[in-house]
Number of protein chains: 2
Amino acid sequence: MQKSTWVATPNIAVVKYWGKKDSQLNLPANNSISVTMDEALSTKTTVEFSEKYKEDELVLNKMRASESDLGRAVKVLDAIRKMAKIKYRARVESQNNFPTAAGLASSASGFAALACAASDAAGLKASARQLSIFARLGSGSACRSVLGGFVEWKAGKKKDGSDSYAVQVASNNHWPQLRNVIAVVNPGRKKVGSSEGMELTANTSPLYKERIRTIGKTIAKMKRAIIQRDLQSFLELTMRESSHLHAVMLDTFPPIIYLNDISRQIIEGVHDLNAKKGRLVAGYTFDAGPNAHIYTLEAHVGEVEDMLSKISGVKKVIVCKVGAGPRRLPSSESLF
Amino acid sequence: MQKSTWVATPNIAVVKYWGKKDSQLNLPANNSISVTMDEALSTKTTVEFSEKYKEDELVLNKMRASESDLGRAVKVLDAIRKMAKIKYRARVESQNNFPTAAGLASSASGFAALACAASDAAGLKASARQLSIFARLGSGSACRSVLGGFVEWKAGKKKDGSDSYAVQVASNNHWPQLRNVIAVVNPGRKKVGSSEGMELTANTSPLYKERIRTIGKTIAKMKRAIIQRDLQSFLELTMRESSHLHAVMLDTFPPIIYLNDISRQIIEGVHDLNAKKGRLVAGYTFDAGPNAHIYTLEAHVGEVEDMLSKISGVKKVIVCKVGAGPRRLPSSESLF
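Description of the structure in this document. (Residues numbered from 1 in each chain as written. Chains lettered and ligands numbered in written order. Predicted model: local features only at pLDDT ≥ 70, side-chain atom pairs only at ≥ 80, totals over all residues. Heavy atoms only, no water.)

## A word on the overall build of chain A
Here is step 1: A count of helices and strands for chain A gives eight helices and 16 strands.
Here is step 2: Compactness check: chain A gives a C-alpha radius of gyration of 19 Å against a globular reference of 20 Å for 336 residues, within 12% of the reference.
Here is step 3: In terms of principal-axis extent, the alpha carbons of chain A reach across some 65 × 45 × 40 Å.
Here is step 4: Every one of the 336 residues in chain A was classed for burial, and the buried ones make up 58%.
Here is step 5: Long-range contacts, defined as pairs at least 24 residues apart, comprise 76% of the intrachain contacts of chain A with a sequence gap of at least 6.
Here is step 6: In the structure as shown, chain A presents an accessible area of about 13,800 Å², 50% of it carried by carbon and sulfur atoms.
Here is step 7: Charge-centre separation for chain A: the mean point of 48 positive side chains lies 4 Å from the mean point of 32 negative side chains. (Helix = DSSP H or I, 4+ residues; strand = E, 2+ residues; numbered from the N terminus. Rg over C-alpha atoms; globule rule 2.2 N^0.38 Å. Buried < 20%, exposed > 50% of the residue type's maximum accessible area, 1.4 Å probe, protein only. Contact = heavy atoms within 4.5 Å. Areas by Shrake-Rupley, 256 points an atom, 1.4 Å probe, with all protein chains shown as cover. Lys, Arg positive; Asp, Glu negative; His and termini not counted. Charge placed at Lys NZ, Arg CZ, Asp CG, Glu CD.)

## Structural notes on the sheet that holds strand β5 (residues 32-36) of chain A
All names here are of chain A.
Here is step 1: Here we have four strands laid out as an open sheet, ordered β2-β5-β10-β11, and antiparallel in their pairing. Looking at the sheet topology across the chains shown, the edges are occupied by β2 (11-15) and β11 (166-170). Strand-to-strand, the axes of this sheet are offset by a mean angle of 35°, without reference to chain direction.
Here is step 2: The pairing of β5 with strand β10 (residues 150-153) spans four bridges and is antiparallel. (Pairing = 2+ DSSP bridges. Axes fitted to C-alpha atoms, helices over the stretch in contact; angles between N-to-C directions.)

## Description of the environment of A:Leu147
Residue and element names in this part refer to chain A.
Here is step 1: As for its placement among the helices and strands, Leu-147 is situated in the loop between α3 (128-138) and β10.
Here is step 2: Classification of Leu-147 as buried rests on a relative accessible area of 15%.
Here is step 3: Expressed as a C-alpha distance, the spacing of Leu-147 and Ser-162, which sit 15 residues apart in the sequence, is 17 Å.

## Concerning the interface of chain A and chain B
Here is step 1: Taken together, the contacts link 30 residues of chain A with 30 residues of chain B.
Here is step 2: Here chain A packs against chain B, burying approximately 2,900 Å² in sum over the two surfaces, 60% of which is carbon and sulfur.
Here is step 3: The largest per-residue losses of area from chain A upon contact with chain B belong to A:Leu207, A:Phe253 and A:Arg264, which jointly make up 24% of the total buried on that side.
Here is step 4: Viewed at the interface, chain B and chain A are joined by zero salt bridges.
Here is step 5: Our enumeration of links across chain A and chain B arrives at nine residue pairs in polar contact (both at pLDDT 80 or more).
Here is step 6: Among the elements of the structure, α5 (206-227), α6 (231-250) and α7 (261-277) of chain A are those that each provide at least two residues to the side of chain A that touches chain B. (Buried area = accessible area lost by both parts, 1.4 Å probe. Salt bridge = Lys/Arg side-chain N within 4 Å of Asp/Glu carboxyl O. Polar contact = N/O pair within 3.5 Å; in protein donor to acceptor, adjacent residues only side chain to side chain.)

Right, here's the structure in full:
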C-alpha cells in the first residue's frame, strides 16, 4: 500500500442542495447543479493505509481534527476499505490554501480530495461515479467536487444511495470566460450548521414542500442555460434560485437567516450594475453564510470588483475560473 | 356643514396583507387579521367641506401633502361626497403624534381618521363597514383601523369592492393583558414602497402562489387563537406568518429585503427569551420595514424591554395596548 496525494477544489451550486432523504447516507431531497472552482481555492490531502496505524487519524491544517470531522472521514474510509477488501487503518492529512472557517465550501473540496486520495491509496480504480458516492458519505455537496466543470448531483431513488452521485453536465472548457468573483464577508455572528438547518427547514417550513415540488423545472432550465451558454438565463436562474432557497430558510421556524446587511448591499450592487448595463452581466448566489459568489464573465470582472470595493464589509475578493476537478500529485508533494 | 375632528390609531397585522386583486380599489389578494393599537401612537384629523374651498387641500403635520398623498385622500373624499350627495371641496389637516417616516403604519391611522372625520363632516351616519370601505380606498390596511380590538379584513369577491371591509373578531377588552412592544430601528437605507413591492411579488415570486393558496388556514387558526386567548398559538402563528411573508418578499425578483441585522438580532433575542422561559412569552412581527412589533403580555413587558436594551441599533421602544378604535374629538380640538 502506498501513500497517495490529491488536490480538489470547492464547487458552488447554482441549484442548491437543502434537505436530506437520509442523513446517514447524505441522500438529498432534490437534484442540484454546481460549478467546480479552479485551484484559487483548494484542498490537498495525503492518505496512507498501513498496519502501523492502530486507528484512523485525521490531521486538518496541521491540527488534530474534531471527533465530528473524524467520524465523517471514517465513513468514507470504511466504504473504501469495504470495496478494496482491506482492513488497514489510515492516516489522513489535509490542508486548505484558504481559511477553513470562512464558509468557502472547504468540506466539499476536503471530502472530494479524501475520496480520491484514499481510493487511490487503497489500490482501487474507482470511477467518477464511485468516487462521488464515497465523497458524499463525508459531505453531501462534496460528491460534486470529484468532477470538473458543470456538475449535476442526481438525488437518486435507491435506499442504499447507489444511484445518488454526480455527473458532468459540461466540462471546464465549455464556457472558459465564466468567472466566480467571491466576496468574503465577515459573518460576525453564530450561524446554524447546514445539516441542522436542513432538517429544521424540512420539518417546519410550509414553503419547503413547494420548493421540492417545483425544483425539477429549475434543474432542467439551468442545464439548458449552461449547455447553450445562455448568460442571461444562467444569471437570472442563479439569482432567483439563491433567493428562493434563502426564502425557504427564512420560512423555517425558528427562521434561519444567513444573509446579512453586507450580503444585501451586494445583492443591490449586482442589480444596480445590471441595470446600468441594460442586461445581466453578473449574478449572485449565497450558500449557508453571508459570502457572495458572483458569477460573471472575464470581461466584467473589473466592474464587479469596482462595485464590491465600495462595500465596506467585504473583507477580501477572490476570482475563480471553472476548474478541471481533482488531480493526483506526485509523491514529492506528500503531506507526510 | 361643520368641521369634524377624529383620532385614529395604527393596526399591526398578525396575518398580513401583501398583494392586490385591484390596485385602484385596494382589493387584497387575501384576508388579513390585525390588532388595533391604543393612542400611544395616533393620528388626529380635522375635515371641513365648504364652498369656500376651490380644491381639496391636505395638510400633513403642518406641511402641504405630496401630490401622491393628496390623490389618495381625494379618492376617499370623492367616495364620501358621492354617498352624501355633496359637491363641496374639503380642507383636511392631519397630525401624527409620532414621526411619519418611521414606518409606524401612519397611513393606516391617517386614512382611518380621514374616513371617520370626513364622513362625519359630510353628515353621513356611516356604519363601521362603510367607514372601512372609505378608508381602504386611501390605504388598504387603513380599513382595519376603523375598528378597535382584533380585526379581520375580508378580501371579498365583488369587483366593486363592496364586500371588502373590516369586521371585529374581538373587542379591545377581550384580552386586556396583551401588549405590543414596538422596537423602532433605523432603516439606514432606501426601501421599496409596499404597493410597488406587492405588485413585484405577485408577478415574480413562485412561492407567493403557495402563500395565497394556504393562507385561509392561517386565518382560521389565528382567529381561533385570539378567541381562545391561546397565547402559545397566537405567538407562534404570529412569528411564523411574519417570516412566511418576508420569505415570499425575498423570493421576489429582484428580492425585497426589509429585515436588517438589527431585526435579526431582535428575532434571535425573542427566541432566546422564549427558550429561557421554557414557553412562548413573546412573538415578533415585521411589516415593510425593520421595526419589530413584539406581542407579549403585560407581565413580560419588562423582560422584552431588557432584551431590547442590549441591542444597540434599537433607537426607541414604545409599548401599546389593544386600542378601542377611532373616536370623535370635541370641536375645541379642531386643527383649524
